[in-house]
Amino acid sequence: DERWQVHLRIAPLGDEYILILAEDRTELTRTEAIRHDFVANVSHELKTPVGAIGLLSEAIDDAAEDPVAVRRFTRRLSIESVRLGELVQDIIELSRLQSKDVAGEASPVDMNRVVAEAVDRVRTEAEARGITLRVAGEITGVVFGDPDQLMTAIRNLVDNAVSYSPENTVVGIGMKSVKGLARISITDQGPGIAYEDQERVFERFYRVDAARSRQTGGTGLGLSIVKHVVANHGGEVSLWSRLGSGSTFTVKLPESDPEIPQETTESGGK
Ligand code: ADP
């Protein structure tokens, strides 16, 4: 069965006995395969902007006599280098998240503020495209976690909602504390995501429509960063969507009990 990887080592032990060592390498093999995939994907994704930057530099050199062409190539060069920068930043962020134990740097986080900041950052872009940002509700509990990670996650979802929204539509951000969970949902009136893609959009580098995503400047890593952050905080992220009817991403994070001081409950071990 290829789901199991067992390494067997057999050695004679004198004339009468043999020694059989069986090592379960299933988990190791799986982790190695994931790492291998990631490295292959990263190399592939980096080659595109790096290649473009190389070609554009040559083109600028060749077009030295033609200032209009030089300006055009320079503009493209700058777009590609920004893209490369974002990609590298997301790759670093994701690798950091995958190896990080969130409990070490946890502090009480006011999710209302996190959402407000994420919304503020997209306000200019939304206004320019006639997109209305509608924020409603309130998180009454406190989420215990890493404020930077939580900010990154909410920002990615709000950024996506705005970038995939057509002009003159509404992006709704709802907040609610229910049964010890902080629930934040982000709804857009964009193209929606087909059922068969709904799980896959959380995978690294998966894009439903690579050409369109590239236009909106995405790296394909945003949602997988969101998924890791939320999982690191003991929560979950879900997606409701239908093609042509927009999308709703909902993040649920456990709220901490304000009666229990976290410092004392967190310290386990030695
Ligand atoms: P990207 O950087 O390409 O946006 P993400 O990981 O954030 O990468 O999203 C993965 C893919 O999921 C996107 O390329 C896009 O196809 C799809 N997607 C994400 N958010 C939305 C949304 N709000 N509406 C429609 N499609 C979306």
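If you check an unreviewed UniProt entry, the chain appears there as Sensor-like histidine kinase SenX3 from Citricoccus muralis. The Subcellular location (unreviewed entry) comment attached to the chain in UniProt states, word for word, "Cell membrane".

A. Quick look at unusual backbone geometry. One non-glycine residue, Lys-179, lies in the positive phi region at around 45°. With respect to the element layout, Lys-179 can be found in the loop between β6 (170-178) and β7 (181-188). The phi dihedral of Phe-205 falls on the positive side, at around 65°, and the residue is not glycine. Mapped onto the elements of the fold, Phe-205 is located in the loop between β7 and α5 (210-215).

B. Quick look at the pairing of strand β8 (residues 236-241). Of the two faces of β8, only the one carrying Val-237, Leu-239 and Ser-241 is buried; Glu-236, Ser-238 and Trp-240 on the other face are not. Pairing of β8 with strand β9 (residues 247-256), which is carried by six bridges, proceeds in the antiparallel orientation. What sits directly across from Glu-236, in β9, is Lys-252. Linking β8 back to β9 in an antiparallel pair, the connection comprises five residues, with Gly-244 at a positive phi of about 85°.

C. Spatial organisation of the pairing of strand β5 (residues 142-145). Judged from the three bridges that link them, strand β3 (residues 107-109) and β5 form a sheet pairing that is antiparallel. Counterpart to Ser-107 in the pairing with β5 is Gly-145. Strand direction decides the pairing type here: β5 and β9, joined by two bridges, are antiparallel. By the bridge assignment, Val-143 is partnered in β9 with Glu-255.

D. Examining helix α3 (residues 111-128) more closely. Given a rise of 1.5 Å per residue, 18 residues ought to cover 26 Å, and the 26 Å separating the end C-alpha atoms of α3 matches this to within 8%. The complete set of buried residues in α3 reads Met-111, Asn-112, Val-114, Val-115, Ala-118, Val-119, Val-122 and Ala-126. Of the residues that open α3, the one with a side-chain oxygen 2.9 Å from the backbone nitrogen of Asn-112 is Asp-110. A positive phi of about 70° marks Gly-130, the residue just after α3.

Rules behind the numbers
- Residues numbered from 1 in each chain as written.
- Predicted model: local features only at pLDDT ≥ 70, side-chain atom pairs only at ≥ 80, totals over all residues.
- Heavy atoms only, no water.
- UniProt positions renumbered as here; feature names shortened; annotations may be inferred.
- Helix = DSSP H or I, 4+ residues; strand = E, 2+ residues; numbered from the N terminus.
- Buried < 20%, exposed > 50% of the residue type's maximum accessible area, 1.4 Å probe, protein only.
- Pairing = 2+ DSSP bridges.
- Expected span 1.5 Å × (residues − 1).
- Polar contact = N/O pair within 3.5 Å; in protein donor to acceptor, adjacent residues only side chain to side chain.

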